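# Chains, contacts and geometry: an overview
Now for the letters of each chain:
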Amino acid sequence: MSRASDRAYSQIRNMVLSGDLAPGEQLREEQLAEICGVSRTPIRDALRRLESESFVRRNDSQRSFVADWSLDDMEEAFELRAMLESHAAARAAVRVSPEQIEQLRRCNQAIYRAIAGDAPDIPAFLEQNRIFHAIIMEASASQRLALMLSRIIEQPVVLRTALQYDREDLQSSGREHDELLAAFGRRDPDWAAAVMKSHIRRAFHAYADAHKRGSGRQVEGG
């Protein structure tokens, strides 16, 4: 794939992640080509790649839209994530190194700092949360598991979920991370798996509540 296609892919993907391109919004090649500063051919390549990753959907008339997952789709994704990440946490509990435990501890301290201000720093929370889970995946020592998870966990979902968190939700996330650290310290795979599963189920309910509120606003607005 050309550099122009890679650049267009990254820029369009970032616009989806940030919400600049909203779920359900039509993607017009001419407009995207102007925004990205490339011709329409790299845009087509980028859209095909984004479609294969479920960021973009194409209708029967071959028009492209930002993907808008149904709540059923998202519940299935969260269920799969809970199964895979709880298995990763169980594996990590018996494999994690003291250095990785310290990295996790520092990361969770950064999460608490991000949410301590008058206005929680959501980008910092998201970045530290991503690193925290990435360290667990690394400690699980399973490339196959990491590959499967990479197909399920996408930042648009994580971002939309985190944006709906109130301070108590954010603090609960940190406390659940603390309990994971305790399970890792005890080398207890069952405990680690149970905490991770409940951690992700709570995230799903935050997403579901936001989805329902959004659907209600759409109905009220006609």
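Residues numbered from 1 in each chain as written. Predicted model: local features only at pLDDT ≥ 70, side-chain atom pairs only at ≥ 80, totals over all residues. Heavy atoms only, no water.

## Overview of the overall build of the protein
The following threshold applies: Strands here mean DSSP runs of E at least two residues long; helices mean DSSP runs of H or I at least four residues long; both are numbered from the N terminus. Remark: exposure states derive from per-residue accessible area (1.4 Å probe, protein chains only) relative to the maximum for the residue type, with buried under 20%, exposed over 50%, and partly exposed in between. The contact definition used throughout considers only heavy atoms, calling two residues in contact when any of these lie within 4.5 Å. All accessibility values rest on the Shrake-Rupley procedure with a 1.4 Å probe; residue burial counts only the protein chains present in the view.
Looking only at helices and strands, the protein features ten helices and three strands. Counted from the first residue to the last, the protein has its helices and strands arranged as α-β-α-α-β-β-α-α-α-α-α-α-α. Out of the 222 residues belonging to the protein, those deemed buried represent 43%. Contacts in the protein between residues far apart in sequence, at least 24 positions, make up 77% of those at least 6 positions apart. Surface accessibility of the protein: about 12000 Å² in total, with carbon and sulfur atoms responsible for 48%.

## Focus: the environment of Arg187
The cut-off we apply is this: Any N or O atom pair separated by 3.5 Å or less is treated as a polar contact, with the protein-specific requirement of one donor-capable and one acceptor-capable atom, and with residues adjacent in sequence counted only for side-chain atom pairs.
Tracing the backbone shows Arg187 in the loop between helix H9 (167-185) and helix H10 (189-220). According to the relative accessible area criterion, Arg187 is partly exposed, its value standing at 36%. Apart from the residues within four sequence positions on either side, Arg187 is in contact with Ala93, Val94, Arg95 and Val96. Within the structure, the side chain of Arg187 is placed 2.6 Å from the backbone oxygen of Val96, a separation counted as a polar contact.

## A short note on a negative patch on the surface
Selection criterion: Without a salt bridge and with relative accessible area above 30%, a residue can belong to a patch; like charges are then joined within 9 Å and nonpolar side chains (Val, Leu, Ile, Met, Phe, Trp, Tyr) within 5 Å. Any carboxyl oxygen of Asp or Glu that lies within 4 Å of a side-chain nitrogen of Lys or Arg is treated as forming a salt bridge with it. A positive count includes Lys and Arg, and a negative count includes Asp and Glu. His and the chain ends are not counted in either. Throughout, a charge is located at the NZ atom of Lys, the CZ atom of Arg, the CG atom of Asp or the CD atom of Glu.
Taken together, the side chains of Asp72, Asp73, Glu76 and Glu79 present a region of like negative charge at the surface. By the secondary structure assignment, Asp72 is in helix H4 (residues 71-93). Assessed through its relative accessible area of 61%, Asp72 is described here as exposed.

## A few points about helix H3 (residues 40-52)
Our working definition: Here the expected length of a helix is defined as 1.5 Å per residue gap, with one fewer gap than residues. The arc in question is formed by the directions pointing from the helix axis toward the C-beta atoms.
The terminal C-alpha atoms of H3, which comprises 13 residues, lie 18 Å apart, in line with the 18 Å expected from a rise of 1.5 Å per residue. Among the residues of H3, those classed as buried are Pro42, Ile43, Ala46, Leu47 and Leu50. All buried residues of H3 project into a common sector of 135 degrees when viewed along the axis, lining one side. Downstream of H3 by a residue or two, Ser54 has a phi angle that is positive, lying close to 70 degrees.

## Remarks on the pattern of salt bridges
Across all of its chains, the model carries 14 salt bridges by this definition. Here Asp6 makes a salt bridge to Arg49, at a shortest N to O gap of 3.3 Å. Here the residue Asp6 occupies a position in helix H1 (residues 3-18), and Arg49 occupies one in helix H3, the gap between them amounting to 43 residues. Arg49 sits in the partly exposed class, given a relative accessible area of 28%. With a closest N to O distance of 2.8 Å, Arg202 and Glu176 form a salt bridge. Of the two residues, Arg202 is situated in helix H10 and Glu176 in helix H9; the sequence distance between them amounts to 26 residues. Classification of Glu176 as buried rests on a relative accessible area of 15%.

## Notes on the confidence of the model for the protein
To be explicit about the condition: What pLDDT expresses is the predictor's confidence in each residue, scored from 0 to 100.
When pLDDT is averaged across the protein, the result is 87; 89% of the residues are at 70 or more. Note that residues 216-222 has pLDDT below 50 and, in this model, zero contacts with residues that lie over four places away or in other chains.

## Points about the sheet that holds strand E3 (residues 64-66)
Put simply, the rule reads: A strand pair is defined by DSSP finding two or more bridges across the two strands.
Taking strand neighbours across the sheet as the criterion, the three strands line up as E1-E3-E2 in an open arrangement whose pairing is antiparallel. The open sheet has two edge strands, strand E1 (26-27) and strand E2 (56-58), and neither has a second partner. Taken together, the three bridges between E2 and E3 define a ladder with antiparallel strand orientation. The partner of Arg58 across the bridge, within E3, is Ser64.

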